[in-house]
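# Fold and geometry: a report
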Amino acid sequence: MCGRCPNFTDNSLTRRSLLAGGAMGAAALHTGVAEARVRPEDMVPLVGPGFKPTDTDEKGLWKEMDRVEEEVAGSNLLITDPKITGYLKSLIATVGGPAAQDFRIYLARIPDFNAMMFPTGFAVVFSGLLLRMRNEAQLAGVIAHEAGHFLRRHMIRSWRDERRKTDIFSVAAMAAGLGGAAAGAYLGDYVQLAELGTILSLFKYSREMEAEADAMGIKNMAAAGYAPMEMSDIWQQLIGEEDASARYRGKHRHKGGIFDTHPSEGSRMVDLKADAIELTVPGRKYEDYRERYLATIGPIRPMLLDDQVKLNDPGASQYVIETLAEEGWNGLLRFYEGEVWRLRNRPGDDIRADQSYAAAVAYPDAPAEAWRWHGISLMKQGRTGEAKGAFARYLQMKPDAPDAAWVRQMATS
Amino acid sequence: MRRITLLAAALSLSACSSLGGGDYGFSEYSLVRAGQVSVGDGSMAVITPRPWNRHRPIFFEDIRQVEDWTQNGPLLDGMSFVTGLKNGKSLIRQRHSASQQVPLFRSNMTPPEIAAMIESLYRVRGGAVDFRTLSLEPHPFLGTSGFQLDYEHLDDDELWRRGRAVGAVIDGRLYMIVLDAAKSHYFDAALPDFEAVDASARLKA
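Note that the coordinates shown come from a computational prediction; the quantities given were computed from them, not determined experimentally. (Residues numbered from 1 in each chain as written. Chains lettered and ligands numbered in written order. Predicted model: local features only at pLDDT ≥ 70, side-chain atom pairs only at ≥ 80, totals over all residues. Heavy atoms only, no water.)

The next subject is the sheet that holds strand β1 (residues 29-32) of chain B. In any sheet, the strands associate via hydrogen bonds between backbone groups, in a parallel or an antiparallel arrangement. Residue and element names in this part refer to chain B. Pairing is antiparallel in the open sheet, where eight strands are placed in the order β1-β4-β5-β6-β10-β9-β8-β7. The open sheet has two edge strands with one neighbour each: β1 and β7 (128-141). Neighbour-to-neighbour, the strand axes of this sheet turn through a mean angle of 20°, independent of strand direction. Across eight bridges, strand β6 (residues 77-85) lies against strand β10 (residues 173-182) in antiparallel orientation. Considered in β10, the bridge of Ser80 is made with Val178. Its contacts with the sheet place helix α2 (residues 111-125) against β7, β8 (144-155), β9 (160-170) and β10, and it is angled at close to 145° to β7. (Pairing = 2+ DSSP bridges. Helix = DSSP H or I, 4+ residues; strand = E, 2+ residues; numbered from the N terminus. Axes fitted to C-alpha atoms, helices over the stretch in contact; angles between N-to-C directions. Contact = heavy atoms within 4.5 Å.)

So, about the domain arrangement of chain A. Residues and elements named next belong to chain A. Its domain assignment divides chain A into domain 1 (15-279) and domain 2 (300-412). Every contact between the two is made by 19 residues of domain 1 and, on the other side, 21 residues of domain 2. Of the roughly 1,900 Å² buried between domain 1 and domain 2, counting both surfaces, carbon and sulfur atoms make up 60%. Our count for the domain 1 to domain 2 interface comes out at three salt bridges. Of the charged contacts, one joins Arg134 and Glu327 as a salt bridge, the two residues approaching to 3.1 Å between their closest N and O atoms. Seen at the junction of domain 1 and domain 2, the total is seven residue pairs in polar contact (both at pLDDT 80 or more). In terms of residue count, the dominant contributor to the side of domain 1 that touches domain 2 is helix α11 (residues 230-248) (seven residues). Looking at side-chain class alone, the side of domain 1 that touches domain 2 contains eight nonpolar, five polar and six charged residues. (Domains from an automatic or database assignment. Buried area = accessible area lost by both parts, 1.4 Å probe. Salt bridge = Lys/Arg side-chain N within 4 Å of Asp/Glu carboxyl O. Polar contact = N/O pair within 3.5 Å; in protein donor to acceptor, adjacent residues only side chain to side chain. Nonpolar A, V, L, I, M, F, W, Y, C, P; charged D, E, K, R; others polar.)

We now examine the nonpolar core. Counting 118 residues, the largest nonpolar core has Leu130 and Leu139 of chain A together with Leu174 and Met176 of chain B as its most contacted members. No other element matches the nine residues that helix α6 (residues 136-151) of chain A contributes to this core. Looking at which domains feed residues into this core, each of domain 1 (15-279) and domain 2 (300-412) of chain A supplies at least three. Apart from residues lying up to four places away in sequence, Leu139 of chain A is in contact with Tyr87, Leu88, Leu91, Leu129, Leu130, Met133 and Tyr293 of chain A. Within the second largest apolar cluster, 24 residues are counted, among which are Met79, Ile170, Ile177 and Phe187 of chain B. (Core = buried A, V, L, I, M, F, W, Y, C linked by side-chain atoms within 4.5 Å. Buried < 20%, exposed > 50% of the residue type's maximum accessible area, 1.4 Å probe, protein only.)

This next bit is on the sheet that holds strand β2 (residues 35-39) of chain B. All names here are of chain B. Across the sheet, three strands lie side by side as β2-β3-β11; this open sheet has antiparallel pairing. Lying at the two open borders of the sheet, with one neighbouring strand each, are β2 and β11 (202-203). In terms of strand pairing, β2 meets strand β3 (residues 44-48) through five bridges, oriented antiparallel. Bridge pairing links Gln36 to Ile47 in β3. Running over the sheet, helix α3 (residues 186-200) touches β3 and β11 and is turned about 140° from β3.

Our next topic: a positive patch on the surface. Where like charges cluster on the molecular surface, the positive patch consists of Arg64, Lys86, Lys89 and Arg93 of chain B. The topology assignment puts Arg64 of chain B in the loop between β4 (52-55) and β5 (66-70). (Patch = residues over 30% accessible without salt bridge, like charges linked within 9 Å, V, L, I, M, F, W, Y side chains within 5 Å. Areas by Shrake-Rupley, 256 points an atom, 1.4 Å probe, with all protein chains shown as cover. Lys, Arg positive; Asp, Glu negative; His and termini not counted. Charge placed at Lys NZ, Arg CZ, Asp CG, Glu CD.)

Here the focus is helix α17 (residues 349-360) of chain A. All names here are of chain A. Taking 1.5 Å of rise per residue, 12 residues should cover 16 Å, and α17 covers 16 Å from first to last C-alpha, within 8% of that figure. Of all the positions in α17, only Asp349, Ala353, Asp354, Ser356, Tyr357 and Ala360 are classed as buried. The arc enclosing the buried residues of α17, seen along the axis, measures out at 165°, which places them on a common side. Seen from the open side of α17, the exposed residues pointing more than 90 degrees away from its buried face are Ile351 and Gln355. On its buried side, α17 packs onto α16 (331-344) and α18 (368-380). (Expected span 1.5 Å × (residues − 1). Arc of directions from axis to C-beta.)

Okay, structure coming up:
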């Protein structure tokens, strides 16, 4: 009904902030920022352990950010499972360089590929990131990149730069001036935690800063023994997903002018590959710690898949599922593949969904819901006897299912 | 934050305020008096025990078969009517190019599929980050065997909301009434009205 809110009709910008560092990346290119690769060996942290600001403007900024952190820490959108949050803390403590012990990290239940670092050293990771990372090295890579922004003092640098340009002297005044639209573009319209979106939009990283964070991050990641090549794979996955999403809706990923002018993410991937080769010490063993990652994330993986697939973004969801399935299909992934088709709901998708459900229930790890949808699919085909069997299996696995009353009616009618 | 005043998109109060109401000399709401009233495209009639506020249809975003009411404003509560949504249509107007879309209604949908469509509506357009189905059970509606879906969802404004949808597919078209309100106080406060409206709903000849 609210056709007067056109910016709320498409949140395709959300995933971009991690990739492009926001719309400012392209703008920075136009102003002639050098595009030479930032070499990891040149990246030294600009803060030490226990860093505290001494300049007046930075002190003010930190004060504002303490309020923001308080908001974030108290949000009911956070996932607080101590096993998973403890895991994230241990990762940032591993790849956080000199500030390793100073960082805080929060996990928000938002089905998007994103993570961000705040000026005072607390990071927010979106649950959609945990769905997409294939191993611990990839997750550590993203976290190391975010930590890199802090270690290189990017927030205060960009804040001072922005302030020079706009002549606005307080965070509050600037936030008031920017309004909600900027927040929508920067963070996506999932997050409206107080003024978080608006405040974040003040920290626009230039292409150069993104390159620095990449170089700083991959250096710390490799030093911790993570396979550095995983860092460029992350970008490849993100680009692949965005392409797939756009293709399904008959549009190009390169939309809105952010990517149009330059193949920036491509060159970034190339740079990260060069970094990885440079950083690899012959004879040293690098790990991706995939098993440990899956063991930790495993319990919430069904939820992460559910949150993604129900957004009915079939291109992106299918890409994510197929990427995860490269190491092998299972009942969970087959079931969610079926869900992608069912929700897409184009002619023929019912048959595709049916095949996926049928494949899913052949695996021992098929979730109960796979049996229910398998049953509904059979019922629609007139295969009543088999449908009843599937419904019975569903009720057996989940006797207290919220829709048990309806399913029971189907199973007995 | 975006509120779907059901099936209608969200009302971001801040984003909408510059174009809303007063600036154009008309109100976004009109009064629904207690008693019998036609809803949606006029094919369904209900009896409301109390007056409600009807959301004025917005000319280029509105779905003719969908009508939204509220008692205390769409952030707190809303009752919506879907009157004969056709096969292949969506509960809300959306761009074909939008990455995330509310699934289209199909005439052969079973109640779990309609429930899933409603869930995606809240996730895609309502900013829901968590959605829990509380129950799905058979429920008589408009003199036929329909369904009742109870659910709750956590939205990006950090508020838990609760909803109930009653509906049925008749001659291939979806008829449905949905109550969605803040879980604390507002849902319970509006429930008696919703139950009366549900019980009184009938198709007009």
